[in-house]
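# Examination of the molecular architecture
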Amino acid sequence: MIPDTRRQLRQAHRVILAVSLSGVGGCISGSLASNTDRHPLGYRWSDAGRQMVHVGETVEFDFVLQDLMRRFVPPLGLADYCVATIGGERLESEPNAAGHFQFAYAFDQVTPGEKIEVRTIAYQQRGHRDFMRIREKWVYAESPFNRPDRKVAGDSIRFTVYEVPIELMIVRPPDDLDPESGVLRIHRADGSTTSVYLDRPHRPGFTITGPAPDGYYRVSYRSKGNELNPVGTTDVEFEIYDTAGFPHYASTTLETP
């Protein structure tokens, strides 16, 4: 079997990071995973070092401590909280009952093609916590009597932002289409459906143009990240009536990385 070189390099990176950050009872490394990437075995979480994220998608993250054999290490007595930095933003998370540090982030202020690194570091608190959140801002708690919190382990994922536009074509019927009657339905794998209507002020929706010289109407919509399945395919259907009251349909299947 051909070895997974990328995974070996990533494991080596974690060992180096553990050596540089740790020293608490041996080498402790960190593992950061997200729920937006396709895991090779179909699991919910993927720890791949490079992943894709859709514009507007809210991504869930899970960070844990591991030993050199990549076995889970409970954070009790080792790490009290985890700091995630995403661009210029800072998030803090404390371990849940299972010993995982979890947080979520909405990638809604991004553009297709942008590269964004999400970096996490677990800390052991010593005295007062280094940073405090005051009026939506993180303030460094500087004090000559307070020792800086100890870095235990860290990890990171580099995201590439993408966008999957929805484009559908409907042939012009004998009677013109009524745009107000149109509804775009986006079906997710969990059984939920998002219904999108004609674009209006304060209600973003689909646009319809035409008919073009080729005789087709074009339906367009810029999907939001959480309207699509994070991996695999997403089914889309469009229904609209003409001015005579007859329905017309179009559908497509979108591919997501």
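Not measured: the values here are computed from a predicted model. (Residues numbered from 1 in each chain as written. Predicted model: local features only at pLDDT ≥ 70, side-chain atom pairs only at ≥ 80, totals over all residues. Heavy atoms only, no water.)

## Observations concerning the pairing of strand S13 (residues 183-187)
As paired elements, S13 and strand S17 (residues 232-241) share five bridges and run antiparallel to each other. Of the residues in S17, the one forming a bridge with Ile 186 is Val 236. In this sheet, strand S14 (residues 193-196) lies alongside S13 in antiparallel orientation, the contact comprising four bridges. In the strand pairing of S14, His 187 is matched with Thr 193. Taking the residues between adjacent antiparallel strands as the criterion, S13 and S14 are bridged by five residues, where Gly 191 takes a positive phi near 95°. (Pairing = 2+ DSSP bridges. Helix = DSSP H or I, 4+ residues; strand = E, 2+ residues; numbered from the N terminus.)

## Let's talk about a nonpolar patch on the surface
There is a patch of nonpolar side chains on the surface, built from Met 169, Val 171 and Tyr 216 and spanning about 250 Å² of accessible area. Mapped onto the elements, Met 169 comes out in strand S12 (residues 165-171). (Patch = residues over 30% accessible without salt bridge, like charges linked within 9 Å, V, L, I, M, F, W, Y side chains within 5 Å. Areas by Shrake-Rupley, 256 points an atom, 1.4 Å probe, with all protein chains shown as cover. Salt bridge = Lys/Arg side-chain N within 4 Å of Asp/Glu carboxyl O.)

## Details of the sheet that holds strand S6 (residues 89-93)
Strand order across the open sheet formed by five strands is S2-S11-S8-S5-S6, with mixed pairing between neighbours. Edge positions in the open sheet fall to strand S2 (50-54) and S6, since each of these has one partner strand only. When the angles between neighbouring strand axes are averaged without regard to direction, this sheet yields 30°. (Axes fitted to C-alpha atoms, helices over the stretch in contact; angles between N-to-C directions.)

## Topic: the pairing of S12
Only one face of S12 is covered, namely the face carrying Ile 166, Leu 168 and Ile 170; the face carrying Pro 165, Glu 167, Met 169 and Val 171 is uncovered. Bridge analysis of S12 against strand S16 (residues 216-222) gives seven bridges, and the strand direction is antiparallel. What sits directly across from Ile 166, in S16, is Tyr 221. (Buried < 20%, exposed > 50% of the residue type's maximum accessible area, 1.4 Å probe, protein only.)

## Overview of the pattern of salt bridges
Counted by the stated rule, this structure contains ten salt bridges. Between Asp 67 and Arg 71 there is a salt bridge, with the nearest N and O atoms lying 2.8 Å from each other. Residue Asp 67 is classed as buried on the basis of its relative accessible area of 17%. Between Arg 222 and Glu 163 there is a salt bridge; the shortest N-O distance is 3.1 Å. Pair noted here: Arg 222 is in strand S16 and Glu 163 is in the loop between strand S11 (150-162) and S12, with a separation of 59 residues, a long-range link. For Arg 222, a relative accessible area of 58% puts it in the exposed group. The partly exposed category is assigned to Glu 163, whose relative accessible area is 23%.

## A look at the confidence of the model for the protein chain
In regions of low pLDDT, the predicted coordinates are not meant to be interpreted in detail. Overall, the prediction assigns the protein chain a mean pLDDT of 83, with 80% of residues at 70 or greater. Note on residues 1-10: pLDDT is under 50 here. Beyond four places in sequence and across chains, it has 13 contacts. Segment residues 12-25: pLDDT under 50, and 24 contacts once partners within four positions in sequence are set aside and those in other chains are kept. (pLDDT = per-residue confidence, 0-100. Contact = heavy atoms within 4.5 Å.)

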